[in-house]
Structures are given as structure tokens and as C-alpha cells.
4 protein chains.
Amino acid sequence: MQSRTSAPRATGGRPRSATADAAILAATRAALVELGWSKLTLGDVATRAGVAKTTLYRRWAGKNELVVDAVAELFDELEIPDRGSLAADVEGVVLQFAAILARPEAKSGLMAVIAESVRDDALRARIRTSIVDRQKRLVLEGRARAQVRGELPPETDPEESARTTDLIFDVIAGTVVHRALVSAEPVDPDWARAFAKLLLNGLTASATA
Amino acid sequence: MQSRTSAPRATGGRPRSATADAAILAATRAALVELGWSKLTLGDVATRAGVAKTTLYRRWAGKNELVVDAVAELFDELEIPDRGSLAADVEGVVLQFAAILARPEAKSGLMAVIAESVRDDALRARIRTSIVDRQKRLVLEGRARAQVRGELPPETDPEESARTTDLIFDVIAGTVVHRALVSAEPVDPDWARAFAKLLLNGLTASATA
Amino acid sequence: MQSRTSAPRATGGRPRSATADAAILAATRAALVELGWSKLTLGDVATRAGVAKTTLYRRWAGKNELVVDAVAELFDELEIPDRGSLAADVEGVVLQFAAILARPEAKSGLMAVIAESVRDDALRARIRTSIVDRQKRLVLEGRARAQVRGELPPETDPEESARTTDLIFDVIAGTVVHRALVSAEPVDPDWARAFAKLLLNGLTASATA
Amino acid sequence: MQSRTSAPRATGGRPRSATADAAILAATRAALVELGWSKLTLGDVATRAGVAKTTLYRRWAGKNELVVDAVAELFDELEIPDRGSLAADVEGVVLQFAAILARPEAKSGLMAVIAESVRDDALRARIRTSIVDRQKRLVLEGRARAQVRGELPPETDPEESARTTDLIFDVIAGTVVHRALVSAEPVDPDWARAFAKLLLNGLTASATA
DNA sequence: GACTAATCGAGACGGTACGTCGGGTCTTACG
DNA sequence: CGTAAGACCCGACGTACCGTCTCGATTAGTC
């Protein structure tokens, strides 16, 4: 992770407690589960972490930044093991992503920081760095694998390829988030299969299934 | 609209000012544009609307409810004129939806209330009624039209049909929101065309384009 | 008293609670007794008074102003009944003054606000208005009575007279305060008599007593 | 001085910097002048003195103790040269005392620590030792001289004598402080002469002047 | 000349209070 | 009744100092 305010601390003086960071992020997630974003207070987080409020403010600029870091850690576990086919890989990553979104600390925190990021460019950059871009590699891996398998044609134009990667990423991430948080319907294997089929074959083919 | 606290008004006494409602909602949108969700205060909205805080609280239960109503009005304009083909219809609705999302009052307000709705079922229901479901009919219209045109096969199982409608809706709305708010990239005609092609033909076909 | 921030409140709106003022001042005195000036916190005073902190800040600008008002009320009881002779009158007022200073809420508060007033002209003015000048009349009364009795010669120059009044006041008030708070020795009838004798007859005569 | 925390320093180890003490006391006085007692912070004093906070706390227990020592040095210069008569001596000491009180570091600091000493016996003892008693000798000297000159009768009862010394001291110090800090009027030679006359001859005689 | 032990600077730490702000409620007088 | 005005209680905010602590780096005097 190593985001935060990030002054590298020159020399001299008592070093920052390494355990405090972990305690604070854990406390933040716990508070998100119990209270949700809007009722979460930094004073409460500090208390839960057994830390003074000042310690917290020394490391994070505010609620937004703290929650981004706390939530970001949840997404570190995302992997995309080779399931043998592009469809299976998509289903797998969708289900993994959904499993994270199903956790209350993610539910409560993620949308809120995204909402805040609308008016705060620094926050949006932090979200992209800490959370979003980290997942984009999964799309790249999946496409590369599918090309090796012959499921997808090889790429020619690298710029076009990047655009496609971004599009696919927006579709997958956006759809899963919308399903899970806006529609508030479960992302189960059935749904994941239907979605993967739609994504691979398109509306025309999919609707006949 | 018919939202609000909605006590049916018994008898006698001075009736509620009709103009106040409009003034408050307009003031709310103006405040959203200037300040964003998190810095918007009900006291400020009341002042802008030339209204006492009391009047505001008599009509809405809180910030969330007020903003939902204020934002919902923005989505009333969504239409899906027949553009002659399914692809064109999709592109059209995507661009319309994105145009609304580009307005700062929508950006600021929509995501925030959705974030709040994660822990507030009543709020989620209100959002569904006021905003989400209102857009889902566009999907229904579009599919029906495409079936008439023969671009899509007719539906057989009504339950399956509903599931598909929901899925398509999640894909379109989710993807556009993610592109616009998370990736923070423009939703322009080029992108809309690429997205429509992906949605209709699927990854396999699309990637060859 | 009617000091405070003193905006006369035009019309409309809920009027300020009259009982709150009294409760706050009483709570302030209680806190002074228990905690003393330096450990007195406005939050604690508010709690004791059963009042929100904001209510307190709406009426007083800070700790200093509040304590001045709280202490000032203690000095309202000062009187100078005619004891038949100038010496007896002096002794009487000295003992009364000392009795007030002996109360812990006065001890704790008075010197502190005087100390603060060194760098705050508005505060000094408030102290003079609320506490100091109110007692100067006692000197005037006492002198007038003594002149009627023939103990003091009648005044001729009014300006000189005012200077003398101020001097006498500084001597009495300053000496009693110094004895009580700096020397921290009791102001008992014996001491009061010795002081009155010194004040009336001067060092030369007094020392022979 | 010999105040401070005064651990007698066992053996070995680096000795305490001697210059640090002086730098800290000077910085304290400078801070008193600029900020006054209540806005003076120990962190700021340490910075001004070019010293770590630790160093400061190793030598003084807190703000009060530090300021007492810093202010006490100001009173070292008080002398009472023989001016030839009791009245002249009184005027002289009054003016000297007032000159010290006119310095902002004394004004700000002295009253504040006295206020604090109301609830802190150790602090009061420290003030007595470092400041008050040091001045009381001036009264003793002055009386002795006046007795030699025949202006005052010789003392008989030593206990009575001590009481009188205390009384005179309270009168002089208290009156000057009250004039200077509470009444906030200048202590000029005219006022000093009027005060000395009152003190020597008493009210009855003085008023006729 | 290395050892030893207390000092020094720097600055993070757990606390407590600050004074302000916003949320919602309530109490007035007026319409 | 509804309304504007504004005071009320509450709770969180982010900041400032407090006095303590933990660092690595100096210094003496003692071995």
C-alpha cells in the first residue's frame, strides 16, 4: 500500500509506530461494518484502534483518504487463476469481485468515496491508484490468455488495444458494482454465467440462450 | 413526483405553500452544483430558497430524501426516440444518460444517495422508485422495438425476460457510470459506438473490429 | 448585570432562555470552587448548567468574560452601613470585602481575570464596569459621612477630590486583595483595625500604637 | 536562583548545559512580552531558546514554575537607596516597584502565577521565596532607617513589629499593583508623593493637603 | 582511548479542551 | 394551522498544547 501522506521522514525524532497504521485501518473497516460511512467518525476509529485522534490525522488528511486505504486492502486478494476458458475466467473474476463487494465494509465505503471523488481530483487519483488500476491487470491477463487459447484474435493496434481494455474493464466493474450496490441483487454463479455469456457473445446471441 | 413525507393533509389551517417546494428543490440543485453533497447543508438550502428550516423539515425527512427528489427531476427528461436500429438506440440512450451524469448536480448527488442507500432500505426503495425504475422502461422499450425489427428474437419465458432486462440495465447503467465517474473519461459518440458494438456483438466479435 | 454580548435582539425567533443565564453563572461559580480557574472548562460548565456548549458561546465570548460576570455577582452584596465613625466604617467595608474574597470562587476567579486583563483592554473595561467601579461608591459614601461627622474636612477642589477618592480606593482594595490573595493571611477584625488605624492616622502615629 | 527541579546530579553522564537555562528564561520573558501568559506555550519557548521540549521539562515541572523563575529575576534589581527621609524612601520604592510592573513580562507573568498560586501551595511558597519576601526586606530597611532618623519611634514588641512590617508591605505592594494593573493608571511621581503622604500622615491629615 | 551514563535535538505519542459547524427540534410572533 | 426567525441540545469536527516517550547522536568524566 504505502500511500498515506507519505512524507518519507528525514532523520531524528521518534519513528512512527508501524502497528498503529494496521490498527487504524482495521478499526476503520470494523467501524464501516458497524456504522457505515456516514456515521463513522474519526474519533471513534481512533478509540477503536487504541490511538489518539492526532495520530490518525498525522497520517491521513481526512475520512475520505482513510477509508480509501482501508477499503483498498480488501482488493489486494483479487486473483484470476486460469480456469481454462475465457468465459470461465470472466465468471471467476466477477464472482471474486462480487464477493469483496458483498462485504459490508466494502459496500459502505466504496460508493461513498467514489461519490466524494466527484469533487476531489486528488481523491479520485488515490482511488484509481489504490483500487481501480490495480484490477485492470486482470483484464490484461485474461485477454492475453484468451489470445493464446485462440478465443480472441491477436491485437494489432496497441492504442486500440488499450481502449478496448479500458472498455472491458468499465463494463465488468461497472456492471458488477451496479448489480451489487444499486440494484442490490445477489451476484451468484447463475448471474455471473449470464453476464459472461452476454459479454462474450453479445445481446443478439445471448437473448436466444 | 409525490415523494416527500406525504401526510395527506387533514383539514383546516393554512395550506402549504406550493411554490416553496419548487424553490427548495431548485435551491438544492444549485447548492449541489456549488458545494457538492458533503458540504451541502440544509440550513443553506433553506436560506437559498428563502424559506425557514422548519418548512424544509416539514416536507422532507432529511438530506438524503431531499436530494433524491432534487436529483430525480433531472432524469425525467430521458427518452429513447426510435433511431432505426438497436445499435443506434443503445448509443442514443447511453449518450443521454451520460449527458445527465455530466451535470454536476447529478454527479454530486446521485452517487452520494446511492452510497447512503447501502444501509438504508427505505432510501434505496425511494431511489428505485424515483430514479432507477424510471429508466428501466427504456430498456424494455428498446428491446420490444428490436424484436419488432427482428434484431432480437421474441421472448418466451417471461421470468427469463425480466432477468435479461435487469442484466442489460445493469450493464448499460453500470458501465456508463463507471466510465463517467470512476474512470472519469468522457462518454463521447466514439466511445458510445464502441460500447454498443460490444454489447450487441460480444467480446469475440468486437475485438476483431 | 445585563453585560454579556448584549445584542438587544430585534424581533422574531425564539427568545433566549432567561433561566439559562442564571444556571450558567451558578455553574461557573461551582466549577470555580471545585476546579479553580485553570482547570475550568467551558464544556464542563455547560454540562453542569444543563445547557449546550453553543448556548454558552452564544452569550459569552470566552472563559474570561464568563468568569467576570460570574464573579461580579458576588460583589453586588457589598454595603456600607453607618457604623458611627470613619474608622468603624473602614473596618466594616474591609471585612465585608475580605469576606467575599475568602470565598473560593472569588479567589480562583478574580486574580485570574485581572491577570488576563493585562493584555485585553475590553476585558479590563468589563472588570472595571462590573466589579471595580461598583465599589468606588462606597468610598464616596464613607467620605461624605465622615465630612458630615466632622472627621474629615470638607472638599474644595472637585478634581483633587476625585484623585483622592481613587487613591483611597486603590489603597483599600489593593491592600485587602494583597493580604488575602498574595500574602494569603487572614483578614480578621484585628488586622482590619490595624489597617484602619494606619489608613486614618498614618505610619508615624500608627507605629506608636 | 537555585530553583528548578534540582536533582543533585549523581555522577557520570553528560552534564546539563549551563547556557540552556539562561536561554530558556530569556525566551520565556520574550514570549511573555509578545504573547502574554495565556498564549505562551512551552513548545514555543523551547523553540525560541533553541532547545528541545525535553530539555525544558527536565528542568522545570511546568509553565507556572518556569514563569516564576523567569519573572523573579526581574525583581533582583530592587534597591532602596537612602533618600534622606522616610517619605522620599517610600516614594522611591514605589516608583521602582512600579517601574518593574510596567514591564510587560512582569505584568503578564506575575499576576498569572499569583492567580495560579491560589490553589497551589507549593507554587505560592515558591513565589514567596523567589519574589515576595525578597521585597519585604526593603520595608525593614526603610523602617530601620526612619527609626535612626527619629521619624518613627523605636520598636518594642518584636511580634507586633513583624505584624506592622507585613501590613506596610501589603499596603505598599497591594496599592501599587492595584493602581497599575486594575485601575490601569500611571504610577508617576505625583501619585507616588500623594500616596506616600497618605501612608505617612493618614487620611485625616492628608485630606486637608 | 574505549567505556559509560546522562544529556541533547527531534518529533511521534495518548490525552484533553478548544471553538465552530451542522443536524434536527422547539418556541416565539405573525398571517 | 403554516411560516420566518432564531434559540436550543447534541455530537462531530479538525487544531492546539500538554507532558511523556522513543529514537539516534553528543559529550563529559571514569576506567
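In this numbering scheme, every chain counts its residues from 1 along its sequence in written order. Ligands are numbered from 1 and chains lettered from A, in the order in which they are written. Local features in this predicted model are restricted to residues whose pLDDT is 70 or higher, and side-chain atom pairs enter the listing and the counts only when it is 80 or higher, whereas totals over whole chains, interfaces and linings include all residues. In computing side-chain properties, one takes all heavy atoms of the structure into account and sets aside hydrogens as well as water.

*Asks:* Explain the relation of the copies chain B and chain A here, please?
*Replies:* Mapping one chain copy onto the other needs a rotation about an axis and a shift along that axis. Taken as rigid bodies, chain B and chain A are interconverted by a rotation of 180 degrees and an axial shift of 0.3 Å, the fit giving an RMSD of 0.3 Å. What we have between these two chains is a two-fold relation. For this analysis, residues touch if any pair of their heavy atoms sits within 4.5 Å. Same-surface contact between copies: 100% of interface residues of chain B are shared with the interface of chain A. Here the copies are matched by least squares. The fit uses the C-alpha atoms of residues with pLDDT of at least 70 in both.

*Asks:* What's the story with the arrangement of the chains in this structure? I'm lost.
*Replies:* Looking at chain B next to chain C, you find no contact at all, with the nearest C-alpha pair sitting 11 Å apart. With respect to C-alpha atoms, chain A approaches chain D no nearer than 11 Å, and the pair has no contact.

*Asks:* Before we go on, may I ask you to explain the protein's contact with DNA strand F in this structure?
*Replies:* Distances are taken per atom, and a residue is near a molecule or strand as soon as one of its heavy atoms is within 4 Å of it. Every one of the 42 residues lining DNA strand F counts as a neighbour, but A:Y57, B:R14, B:T55, C:T55 and C:R58 are closest to it. A share of 62% is what sugar and phosphate atoms reach among the atoms of DNA strand F within 4 Å of the protein. In the analysis that follows, any N or O atom pair within 3.5 Å is treated as a polar contact, provided that within protein one partner can donate a hydrogen and the other can accept it, and provided that, for residues neighboring in sequence, both atoms belong to side chains. Within the contact set of DNA strand F, a phosphate oxygen lies 3.4 Å away from a backbone nitrogen or oxygen of A:G43. For the purposes of this entry, the term helix denotes a DSSP run of H or I that reaches at least four residues, the term strand denotes a run of E that reaches at least two, and both are numbered from the N terminus. When residues of the surface near DNA strand F are traced back to their parent elements, those giving at least two are α2 (42-49) and α3 (53-59) of chain A, α3 (53-59) of chain B, α3 (53-59) of chain C together with α2 (42-49) and α3 (53-59) of chain D. Within the surface near DNA strand F, the residues separate by chemical class into ten nonpolar, 18 polar and 14 charged. Residue type decides the class: Asp, Glu, Lys and Arg count as charged, Ala, Val, Leu, Ile, Met, Phe, Trp, Tyr, Cys and Pro as nonpolar, and the leftover types, Gly among them, as polar.

*Asks:* What exactly am I supposed to notice about the interface of chain D and chain C here?
*Replies:* By a widely used convention, the size of an interface equals the accessible area lost when the partners come together. If you look at the interface, chain D gives 50 residues, while chain C gives 51 residues. Here the quantity called buried area is the accessible surface, traced with a 1.4 Å probe, that two parts lose on coming together, added over both. Both sides together, the interface formed by chain D and chain C hides about 4300 Å², and carbon and sulfur atoms give 65% of it. Here, a salt bridge means any side-chain nitrogen of Lys or Arg that lies within 4 Å of a carboxyl oxygen of Asp or Glu. For the interface between chain D and chain C, the tally reads one salt bridge. D:R128 is the partner of C:E185 in a salt bridge, and the nearest nitrogen-oxygen pair spans 3.7 Å. Here chain D is connected to chain C by 16 residue pairs in polar contact (both at pLDDT 80 or more). Secondary structure elements with two or more residues in the side of chain D that touches chain C: α1 (18-35), α6 (104-117), α7 (121-149), α8 (158-182) and α9 (189-208) of chain D. Here the residues of the side of chain D that touches chain C sort into 29 nonpolar, eleven polar and ten charged.

*Asks:* Would you mind showing me how to read the domain arrangement of chain A here?
*Replies:* All names here are of chain A. Domain start and stop positions are those given by an automatic or database domain assignment. Assigned domains within chain A: domain 1 (18-62) and domain 2 (71-208). Taking only C-alpha atoms, the centre of domain 1 and the centre of domain 2 are 29 Å apart. The interface of domain 1 with domain 2 comprises seven residues on the first partner and eleven residues on the second. Regarding the contact of domain 1 and domain 2, the summed buried area is about 740 Å², with carbon and sulfur atoms giving 71% of it. Counting across the domain 1 and domain 2 interface gives one salt bridge. In this structure, E73 engages R29 in a salt bridge whose closest nitrogen and oxygen atoms are separated by 2.9 Å.

*Asks:* For this particular structure, what's the right way to read the UniProt feature "domain: HTH tetR-type" (unreviewed entry) in chain A?
*Replies:* If you check UniProt for "domain: HTH tetR-type" (unreviewed entry), the listed places come out as residues 18-78 of chain A in our numbering. For residues 18-78 of chain A, the end-to-end C-alpha separation is 25 Å, with 70% helix and 0% strand making up the annotated structure. UniProt positions are given in the numbering used here, feature names are shortened, and annotations may be inferred rather than shown by experiment.

*Asks:* Help me out: how do you make sense of the packing of aromatic side chains in this one?
*Replies:* Aromatic ring pairs are reported here in terms of the distance separating the ring centres and the angle at which the planes meet. All names here are of chain A. Ring pairs are drawn from Phe, Tyr and Trp, using the six-membered ring of Trp, whenever the two centres fall within 6.5 Å, and their geometry is named by plane angle: stacked under 30 degrees, edge-to-face over 60, tilted for the rest. Counted according to the given criterion, the structure contains eight aromatic pairs over all chains. Relative to F195, the ring of W191 has its centre 5.3 Å away and its plane inclined at 20 degrees; by these criteria the two rings are stacked. Of this pair, W191 and F195 both sit in helix α9 (residues 189-208), four residues apart, roughly one helical turn. Should the NZ of a Lys or the CZ of an Arg lie within 6 Å of a ring centre and within 35 degrees of the ring normal, that charge is described as sitting over the ring. In this arrangement the basic side chain of K63 is found over the ring face of W37, its NZ or CZ atom lying 4.9 Å from the centre.

*Asks:* How should I be thinking about the protein's contact with DNA strand E in this particular structure?
*Replies:* Near DNA strand E, the surroundings consist of 43 residues, among which A:T55, A:R58, C:Y57, D:T55 and D:R58 are the closest. Per the 4 Å cut-off to the protein, sugar and phosphate atoms form 60% of the nearby atoms of DNA strand E. Here a phosphate oxygen of DNA strand E and a side-chain polar atom of D:R59 are 2.8 Å apart. Listed by contribution, the elements that provide at least two residues to the surface near DNA strand E are α3 of chain A, α2 (42-49) and α3 of chain B, α2 (42-49) and α3 of chain C together with α3 of chain D. Counted by class, the surface near DNA strand E contains nine nonpolar, 19 polar and 15 charged residues.

*Asks:* Hey, could you run me through the packing of helix α1 (residues 18-35) of chain C against helix α6 (residues 104-117) of chain C in this one?
*Replies:* Each pair of packed helices can be described by the angle between their axes along with the distance between the axes. Residue and element names in this part refer to chain C. α6 packs onto α1 with a crossing angle of 90 degrees between their chain directions and a minimal axis gap of 8 Å. With respect to each other, α1 and α6 are oriented roughly perpendicular. Every residue of α6 that contacts α1 at R29, L32 and V33 is listed here: P104, E105, S108 and G109. Here the contact of α1 with α6 is built from residues that sort into three nonpolar, two polar and two charged. Geometry is summarised by axes, namely lines fitted to C-alpha atoms with helices restricted to the contacting stretch, and by angles between N-to-C directions that run from 0 to 180 degrees. Small angles under 35 degrees read as roughly parallel and large ones over 145 as roughly antiparallel, with 65 to 115 read as roughly perpendicular and the rest as oblique.

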